[in-house]
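# Inside the fold
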Amino acid sequence: MFLQLSISGLSQGAIYALVALSLTVVYRSTTIVNFGHGDFVMAGAFVSYVLTVMLGIAFLPAAVLSVLALFILGLCFSRGLIRPIRGGPHIGFALMCIAVGFVMRGIARIVWGREVLPMPSVFDMPPIFLGNLIITGDAIFIIGTTAVLLIAFFAVLALTDVGKMVQAVYQSQRGAQLIGINVDRFNDVTWGVGAALGAVGGILIAPVSLLHPDIGASFLIKGFAAMTLGGFGSLHGAVIGALLLGVAEQYAGAYINTALIDITAYLVIVIVLLVRPHGLFGRKSVVKV
Amino acid sequence: MMPTQSQLRLRTVLFWMVPLALLAVPLLVNSYVQFIVNSVLIYALVTLGFNFVIGNLGQLAFANTAFFGIGAYASAIATTSLGLPWLATIPLAGVAGAIGGFLASGAALRGIRFYYLAIITLAFGELMRWLYVHAKSVTGGTDGLSLPRETVMGYSLTDDRVKFYVFLVVTVLLFKATLNLLRSHVGRSIMAVRENEVATASLGIPTSRVIVTGFIWSGFVVGCAGSLFALHTSYVFPESFGMLHLIISFAMVLVGGLGSVLGAVLGAAALTVLPEYLRSFPGMEELFFGLIVIAVLLVLPQGLASLLRRVSPIFVERFYRE
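Just so it is clear, the structure is predicted and the values come from calculations on it, not from any experiment.

### Notes on the overall build of chain A
Along chain A, the regular secondary structure elements total eleven helices and two strands. Secondary structure of chain A in N-to-C order comes out as α-α-α-α-β-β-α-α-α-α-α-α-α. Its C-alpha atoms put chain A at 60 × 45 × 40 Å along the principal axes. Within chain A, contacts between residues at least 6 apart in sequence are counted, and of these 74% link residues at least 24 apart.

Written out as structure tokens, the structure is:
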């Protein structure tokens, strides 16, 4: 029972990790928290649905195309809607993100109405039995893909020149500008990467759950909860926080009450911010004035 | 350009003349228009309360929907379970909303600000919605609660024209109270925190407490609006307090003008009338309000109130960021 819960928790947590990481990537370089990110995740899932189910493209090329589409969408969003309001109050960014999220959600609902779309399972292999333990193909697929992506992401960050550039911008936008990094373009690309990473989460979750225009909202909250738990702004914190959250949800649901699965994330946010506002790995975030 | 003394006096006269003129509305319009006008009054209060937090206090918050729901449920529960007359539940709903405001923002006392506070308020709102659904014995779960039919001094409270007069009195009182609060030292501290918290604190103002105060007043105003909403639709259920209501509130605040009290009326009036036609198409409202917010942010960041300010200095306030 315990191991079974841990595995389903980890596969949920893997999705949350992608969402939380993509939120963090954008936050670290632009100091904007994308309150519309859940809807980017939703958009990724819907684009892959259109490509695979409606146009009949095979899953893998469809997934790559969806990620690419969301990358471009994120880039255009940054270039067309975030840059023009840079001069205004910071609250404007958050409102812009929310508004764009609602626009995407509205479009999805206009096209698909209130129906709930089932997505065919991608990894149609018989589940593996290890004693009492059942491991589904989907769980392996989700955890495996996420692990590969995360390793690649952190390797790029730690080992390559691009990674050094990212670290430079994270430390100081101004300093990065002084040594010749085009920070504006960097931020646009970051938005693209954020949207694309989120889309991967959406594409992975689509086959194991039902698609509807409102799935984004819950992912946003889970992403926030993971970030808060791991430490707001910490990249590895976001991943670890997400995995912990995924597992915690399953335990809370199984051992206490199933209704708790829905609100574990909220409780995590409230408790962490009250008890330890900087989370597990974050820097002190509290204002002392 | 600031208004002159005579313009200020004219403004005071206008503030009381407009509601007096509105008293004639029920005599002039049909029942459908009356229903819309009632909605405008409720949304004006919702926008006023929300604007108080995001426009005047300058904190990002998502709990507005929660305060609205708390007020509506407080009113519905007090009338159905406790048997109180609806009129008596308005202040009760306000207090419930104010308590909600304290709970949503209490973390500010521990030094939690902006994004973190926003996320807490988001979580608070969702927790409340979870509670509406799961606390079945009190809230009626997903079925919701319907309010009993009542009369006040012989007039039936199911009549939209009777409701209008009650709504109008509550709205005018809360607008006047908010204006007074904004002009007091509390209001000035609230706007000072928005401009520069460190500088405000250096003047010896307890900024954390100021932030919580802002949320409490916002909760009170929106809670009262929730109570009106409960009677307006005579039916309270969780769906009314979801994400759609959130984007509507954001859009109304922005369209009217961030931080402007006059803007709260303008935003509510403009956006309550327009989308009535969209209601029957799923998704259209979300698309519409989303696009409105984007357009306002790009083209008219100070909202409709800023257009009026260009016409006459009478409409200049000291509550928004220049």
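### What to know about the overall build of chain B
The number of helices and strands found in chain B is 15 helices and four strands. Whereas a compact globule of 322 residues would reach a radius of gyration of roughly 20 Å, chain B reaches 19 Å, a difference of no more than 12%. Its C-alpha atoms give chain B principal-axis dimensions of roughly 50 × 50 × 40 Å. Per-residue burial over chain B gives 53% buried out of 322 residues. In chain B, the share of contacts with a sequence separation of at least 24, taken over all contacts with a separation of at least 6, comes to 79%.

### Considering the nonpolar core
Ranked by size, the top nonpolar core spans 197 residues in total, and within it A17(A), I269(A), L45(B), I120(B), A251(B) and V293(B) carry the most contacts. Looking at which element gives the most residues to this core, the answer is helix α11 (residues 207–233) of chain B, with 14 residues. With residues up to four places along the chain from it excluded, the contact list for A17(A) reads T146(A), L150(A), A226(A), A238(A), V239(A), A242(A) and L243(A).

### A word on the environment of I203(A)
Residue and element names in this part refer to chain A. Looking at the secondary structure, you find I203 in helix α8 (residues 183–205). By the C-beta count within 10 Å, which is 30 here, I203 ends up buried. Considered as a pair, I203 and S22 are 181 residues apart in the sequence and their alpha carbons are 14 Å apart. Those residues within four positions of I203 in sequence are excluded, and the remaining contacts are G44, A45, S48, A63 and S66.

### Comments concerning the environment of V53(B)
Residue position: V53(B) is located in helix α3 (residues 31–56). The residues touching V53(B), leaving out its near neighbours within four places in the chain, are Q59(B), A61(B), G214(B), F215(B) and S218(B).

### Digging into the packing of helix α1 (residues 2–30) of chain A against helix α9 (residues 215–230) of chain A
Residues and elements named next belong to chain A. At a closest axis distance of 8 Å, the pairing of α1 and α9 adopts a crossing angle of 75°. Between α1 and α9, the crossing angle belongs to the class labelled roughly perpendicular. When α1 is examined against α9, the residues Y16, A17, V19, A20, L23 and T24 are found in contact with a partner set consisting of F219, K222, G223, A226 and M227. Considered class by class, the residues forming the contact of α1 with α9 number eight nonpolar, two polar and one charged.

### Describing the interface of chain B and chain A
Each side of the interface is counted separately: chain B has 40 residues, and chain A has 42 residues. Mapped by element, the contributors of at least two residues to the side of chain B that touches chain A are α6 (114–134), α10 (197–202), α12 (243–256) and α14 (284–299) of chain B. A breakdown of the residues in the side of chain B that touches chain A according to their chemical character gives 28 nonpolar, six polar and six charged.

### Section: the confidence of the model for chain B
Residues and elements named next belong to chain B. Confidence in the prediction of chain B, expressed as mean pLDDT, is 91, and 99% of residues score 70 or more. Confidence, expressed as mean pLDDT per element, reaches its minimum in chain B at strand β2 (residues 151–152) with 77 and its maximum at α11 with 96. As scored by the predictor, the complex reaches a pTM of 0.91 and an ipTM of 0.89.

What counts as what
- Residues numbered from 1 in each chain as written.
- Chains lettered and ligands numbered in written order.
- Predicted model: local features only at pLDDT ≥ 70, side-chain atom pairs only at ≥ 80, totals over all residues.
- Helix = DSSP H or I, 4+ residues; strand = E, 2+ residues; numbered from the N terminus.
- Contact = placed C-beta atoms within 7 Å.
- Rg over C-alpha atoms; globule rule 2.2 N^0.38 Å.
- Buried ≥ 20, exposed ≤ 12 C-beta atoms within 10 Å, placed from the backbone.
- Core = buried A, V, L, I, M, F, W, Y, C linked by C-beta atoms within 7 Å.
- Axes fitted to C-alpha atoms, helices over the stretch in contact; angles between N-to-C directions.
- Parallel < 35°, antiparallel > 145°, perpendicular 65-115°, else oblique.
- Nonpolar A, V, L, I, M, F, W, Y, C, P; charged D, E, K, R; others polar.
- pLDDT = per-residue confidence, 0-100.

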